[in-house]
Amino acid sequence: MCKIISIHSFRGGTGKSNTTANLAAMMAAMGKRVGIVDTDIQSPGIHVILGLDEAHMKHSLNDYLWEKCAIEETAHDVTANVGTNVPGKVFLIPASLKPGEITRVLREGYDPSLLNEGFHSLIDKLELDALLIDTHPGVNEETLLSIAISDAVLIILRPDQQDYLGTGVTIELARRLKVQKLLLLVNKVPESMDLAQLKEKVESAYQRPVAGLIRHSEEMMLLGSMGVFSARYPDHVISKLYGQMAELLLE
Amino acid sequence: MSLRNRLLLLIALLLGAAVFGTYLVSILTAGQGALGVVIALLIVLSGAGLAFVFVSRMINAPLEKFRAAVASLQVGVYHRELLYDLLTRNDEIGQLALTFDRMAREVSTRDRRLKSLRGIIPLGVALSAEKDFSRLLETIVIEAQRITSADAGSLYLKTEDNQLKFVIMRNESLRMALGGTTGKAVSLRTVPLVDEQGNPNHNHIASYCAVTGKRVALADAYTTTEFDLSGTRAFDVETGYHSQSFLTMPLKDLAGEVIGVLQLINAQDPETQQVVPFEEDEVLDSLVLITSAALSAYIREESLREEINKLRIEVDLAKQKKQVDEIAESDYFKNLQSQAELMRKKRKS
């Protein structure tokens, strides 16, 4: 049974794409066949982390939404970029990087129900164990759709007041959409904050489990943009944390 | 008459008596034989006896007093009343008594300081553990007053906007205690550390002290022309107090930055209660060092606590509800809500 998992944050810059890529890598390392859909059509980014450059992009999610191709034709196998001898598979369904195509989406929009159908045929055709949806920040229609059809939602927030408010909004909407599993990841935690205390505060504020807390790290930022961190440093404590989160989400 | 002169007089008298005695003996023994010798000897002996009593009264009585004074000094209860009548004497005994009294008082002072100094370390430990900021501030002033026998004491703290804020004010003889744990705030206005042109404020003693980081000691505030003491004068007029001797000290953190100013007023002679100038005092120096450390540690801890407080998650629930409602009331969301379960079920089947 394939799990659909949305990775969401209310604002941009929380490290959402990075987390998605790392979770996919950990799942593939467990032998899972994983699909990643970049629904952040307005500002795509996860392809950079997964090492897929524009020249090698045959089709994008945009082509499918404009009914130019089938959804499986947009899937790119990026397993080679999430580690060596990986038992599973990672497929990326990128969003178009062409400025014209981006503005067309913004101008015309697309049919969210088409997205839903696409997800399902992708799961069938690629025999996926997990489909990770890298959502657009905020709560637009396709994000709400992604959340609505997900078995699990991972919300990423930074410890600041704006993210706290936005996270509260998303959690409430997810509750109304009857999402079964909702986990929180507190990312980019400054050195001055105590992790245990922060975990307790966030959990008591939202009454939802915090699956992980990750400190802000310049090193991580630098490495993160160059590739999948957990593929390069599988024994690092942060990689282990991604592994635990991947298991929690697949449970 | 000096002691030496008295003794010389005594010897002269004795010699005179002896000569007179010998003369008497020679007259009496001329006709009386042995009886005359006996009488003459009796006269001489009684004279010597009288002299002995006189000498012992002159020497022994003061010695007894000195002994008592030494004993009281040893147990730390020396009081100059013990030597009272000796101190007024003009002779060597009187001079000795004066010297002894001076030494004894010096020893007493040193003794008292030693005791205070011993109390400083436990005080420092207590202050560094003090969780109640008001009590911490109050204790600093009370202890500084105790060490210097100051009738009044005040504490200012430097604020973030570069002002000195009155936080503690105590005056024993006016029975006045403001700030700290008293619950009564000090209503006196804050002292700016820079004037409107941005120049350092050297007008007030406290601000001068805070700006320069230097101590200021004044024997009589009313004779100084260096500082603006209008505030003090107004206070004195209002309360009938007389502010005289001042000692104003900066409290600095480990980096040497002034964090507050401690001001002591009217040091009192422990015995006479007269107002005297403040003196250099190692114990006070130690107190200032220790209290500054405790104060800056508290301030540092406080800013850390503020940092931790940022962890406090305060979601504006009204705002959150508004945002949620805006979305939840849309047709799209309502539709999605009814479809969501169906979509998930369809997939699972």
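No experiment lies behind these values; they were computed from the predicted model shown.

Asks: What's the story with the overall build of chain B in this structure? I'm lost.
Replies: When you go through chain B residue by residue, the secondary structure sums to ten helices and eight strands. Sequence separation of 24 or more characterises 56% of the internal contacts of chain B that already satisfy a separation of 6 or more. For chain B, the computed accessible surface area is about 21100 Å², with 58% contributed by carbon and sulfur atoms.

Asks: So what exactly am I meant to see when it comes to the sheet that holds strand β3 (residues 76-77) of chain A here?
Replies: The pairing of strands in a sheet comes from backbone hydrogen bonds and takes either a parallel or an antiparallel form. All names here are of chain A. With mixed pairing, the eight strands of this open sheet are ordered in space as β3-β4-β2-β5-β1-β6-β7-β8. Each of the sheet's edge strands pairs with one partner strand only, and the pair in question is β3 and β8 (210-215). Direction of pairing for strand β1 (residues 3-8) relative to strand β6 (residues 152-157): parallel, over a ladder of four bridges. In the strand pairing of β6, Ile 7 is matched with Leu 154. Across the face of the sheet, helix α6 (residues 141-149) comes into contact with β1, β5 (130-134) and β6 while running at roughly 140 degrees to β1. Strands β1, β6 and β7 (181-189) of the sheet are contacted by helix α7 (residues 161-176), whose axis makes an angle of about 170 degrees with β6.

Asks: I would appreciate a short explanation of the nonpolar core in the present structure.
Replies: Residues Leu61(A), Leu131(A), Leu173(A) and Leu184(A) are the most contacted members of the largest nonpolar core, which totals 58 residues. Beyond its immediate sequence surroundings of up to four residues, Leu173(A) is in contact with Val139(A), Leu144(A), Val324(B), Ile327(B), Ala328(B) and Phe333(B). In terms of nonpolar packing, the next biggest core, distinct from the first, is built from 40 residues, Leu23(A), Val86(A), Ala211(A) and Tyr242(A) among them.

Asks: When you look at the confidence of the model for chain B in this model, what are you seeing that I'm missing?
Replies: Interpretation of the predicted coordinates at a detailed level should be avoided for regions scoring low in pLDDT. Confidence in the prediction of chain B, expressed as mean pLDDT, is 84, and 95% of residues score 70 or more. Two numbers describe this predicted complex: its pTM, 0.54, and its ipTM, 0.84.

Asks: Where do I start with unusual backbone geometry in this structure?
Replies: Note on backbone geometry: most residues besides glycine have negative phi, and most peptide bonds are trans. Although it is not a glycine, Asn85(A) adopts a positive phi angle of roughly 55 degrees. As for its placement among the helices and strands, Asn85(A) is situated in the loop between β3 and β4 (89-93). The phi torsion at Ser149(B) lies on the positive side, around 55 degrees, for a residue other than glycine. On the secondary structure map, Ser149(B) appears in the loop between α5 (133-148) and β1 (150-158).

Asks: It is not clear to me how helix α4 (residues 92-129) of chain B should be interpreted in this structure. Could you clarify?
Replies: One full turn of an α-helix is made of 3.6 residues, so residues set three or four places apart face in the same direction. Residues and elements named next belong to chain B. Over its 38 residues, α4 extends 56 Å from the first C-alpha to the last, a length consistent with the 56 Å expected when each residue adds 1.5 Å. At Ile 120, α4 shows its largest bend, some 25 degrees, and a proline, Pro 122, comes one to four positions later. Every buried residue of α4 is listed here: Ile 93, Gly 94, Ala 97, Phe 100, Asp 101, Ala 104, Ser 116, Ile 120, Leu 123, Gly 124 and Leu 127. Of the residues flanking the start of α4, the one acting as N-cap is Asp 91, its side-chain oxygen 3.2 Å from the backbone nitrogen of Ile 93.

Asks: Just checking my understanding: could you explain the interface of chain A and chain B for this structure?
Replies: Where interface size is given, it is often the accessible area lost as the parts come together that is meant. In this complex, chain A contributes 38 residues to the contact, which on the side of chain B involves 26 residues. Considering only the side of chain A, the residues that lose the most area to chain B are Met1(A), Leu165(A) and Arg176(A), jointly responsible for 20% of the buried surface there. Arg176(A) is the partner of Asp325(B) in a salt bridge, and the nearest nitrogen-oxygen pair spans 4.0 Å. For the interface between chain A and chain B, the tally reads three residue pairs in polar contact (both at pLDDT 80 or more). When residues of the side of chain A that touches chain B are traced back to their parent elements, those giving at least two are α5 (112-125), α6, α7 and α8 (195-206) of chain A. Considering every element that reaches the side of chain A that touches chain B, the biggest residue donor is α7(A), with eight residues. Tallied by class, the residues present in the side of chain A that touches chain B amount to 23 nonpolar, seven polar and eight charged.

Asks: Before we go on, may I ask you to explain the packing of aromatic side chains in this structure?
Replies: Where two aromatic rings form a pair, the distance of their centres and the angle of their planes describe that pair. Residue and element names in this part refer to chain B. Going through the model one piece at a time under the given rule, you end up with seven aromatic pairs over all chains. With a centroid separation of 4.4 Å and an interplanar angle of 20 degrees, the aromatic rings of Phe 133 and Tyr 298 are classed as stacked. Pair noted here: Phe 133 is in helix α5 and Tyr 298 is in helix α8 (residues 282-309), with a separation of 165 residues, a long-range link. Ring centres 6.5 Å apart and planes at 75 degrees place the aromatic pair Phe 235 and Tyr 241 in the edge-to-face group. Residue classification places Tyr 241 among the buried positions, given a relative accessible area of 11%. Three or more aromatic residues link up through ring pairs in this structure, and these residues are Phe 66, Tyr 78 and Phe 100.

Asks: Please clarify how the pairing of β4(A) should be interpreted in this entry.
Replies: Residues and elements named next belong to chain A. Burial runs high along β4: four of the five residues are buried. Across five bridges, strand β2 (residues 33-38) lies against β4 in parallel orientation. Considered in β4, the bridge of Val 37 is made with Ile 93. With two bridges connecting them, β3 and β4 associate as antiparallel partners. Paired with Asp 77 across the two strands is Phe 91, which belongs to β4.

Asks: It is not clear to me how the pattern of salt bridges should be interpreted in this structure. Could you clarify?
Replies: Any two side chains of opposite charge can pair if their charged atoms end up close together. The tally for this structure, following the rule as stated, stands at 26 salt bridges over all chains. For Glu203(A), the salt bridge identified is with Lys199(A), shortest N-O distance 3.3 Å. Placement of both Glu203(A) and Lys199(A) in helix α8 is noted, with a separation of four residues, approximately one turn of the helix. According to the relative accessible area criterion, Lys199(A) is partly exposed, its value standing at 32%. Here the salt bridges share partners, and the residues they tie into one network are Glu172(A), Arg175(A), Arg176(A), Lys321(B) and Asp325(B).

Asks: Can you walk me through the packing of α4(B) against α5(B) in this structure?
Replies: Angle between the axes and distance between the axes: these two values describe a pair of packed helices. Residue and element names in this part refer to chain B. Relative to each other, α4 and α5 sit at 175 degrees, their axes nearing to 12 Å. Comparing their axes, α5 and α4 come out roughly antiparallel. For the pair formed by α4 and α5, the contact residues are Ser 116, Ile 120, Leu 123 and Leu 127 on the first element and Leu 136, Thr 139, Ile 140, Glu 143, Arg 146 and Ile 147 on the second. Across the contact of α4 with α5, the residue classes tally to six nonpolar, two polar and two charged.

Asks: When you look at the environment of Phe91(A) in this model, what are you seeing that I'm missing?
Replies: Residues and elements named next belong to chain A. Within the fold, Phe 91 resides in strand β4. Considered as a pair, Phe 91 and Leu 126 are 35 residues apart in the sequence and their alpha carbons are 8.7 Å apart. Every residue in contact with Phe 91, bar those within four places of it in the chain, is listed here: Arg 33, Val 34, Gly 35, Ile 36, Ala 75, His 76, Asp 77, Leu 126 and Leu 128.

Asks: Can you help me understand helix α9 (residues 317-328) of chain B in this one?
Replies: Residues and elements named next belong to chain B. In this model, α9 (twelve residues) spans 16 Å end to end at C-alpha, consistent with the 16 Å of a helix rising 1.5 Å per residue. Of the positions making up α9, those classed as buried are Gln 320, Val 324, Asp 325, Ile 327 and Ala 328. Taken around the axis of α9, the buried residues stretch over an arc of 165 degrees, which confines them to a single face. Exposed side of α9, more than 90 degrees from the buried face: Ala 318, Lys 322 and Glu 326 are the residues found there. The backbone nitrogen of Ala 318 has a side-chain oxygen 3.2 Å away, supplied by the residue at the start of α9, namely Asp 316.

Rules of the game
Residues numbered from 1 in each chain as written. Chains lettered and ligands numbered in written order. Predicted model: local features only at pLDDT ≥ 70, side-chain atom pairs only at ≥ 80, totals over all residues. Heavy atoms only, no water. Helix = DSSP H or I, 4+ residues; strand = E, 2+ residues; numbered from the N terminus. Contact = heavy atoms within 4.5 Å. Areas by Shrake-Rupley, 256 points an atom, 1.4 Å probe, with all protein chains shown as cover. Pairing = 2+ DSSP bridges. Axes fitted to C-alpha atoms, helices over the stretch in contact; angles between N-to-C directions. Core = buried A, V, L, I, M, F, W, Y, C linked by side-chain atoms within 4.5 Å. Buried < 20%, exposed > 50% of the residue type's maximum accessible area, 1.4 Å probe, protein only. pLDDT = per-residue confidence, 0-100. Expected span 1.5 Å × (residues − 1). Bend = angle between axes of the 7 residues up to and from the residue. Polar contact = N/O pair within 3.5 Å; in protein donor to acceptor, adjacent residues only side chain to side chain. Buried area = accessible area lost by both parts, 1.4 Å probe. Salt bridge = Lys/Arg side-chain N within 4 Å of Asp/Glu carboxyl O. Nonpolar A, V, L, I, M, F, W, Y, C, P; charged D, E, K, R; others polar. Phe/Tyr/Trp six-rings, centres within 6.5 Å; stacked < 30°, edge-to-face > 60°. Parallel < 35°, antiparallel > 145°, perpendicular 65-115°, else oblique. Arc of directions from axis to C-beta.

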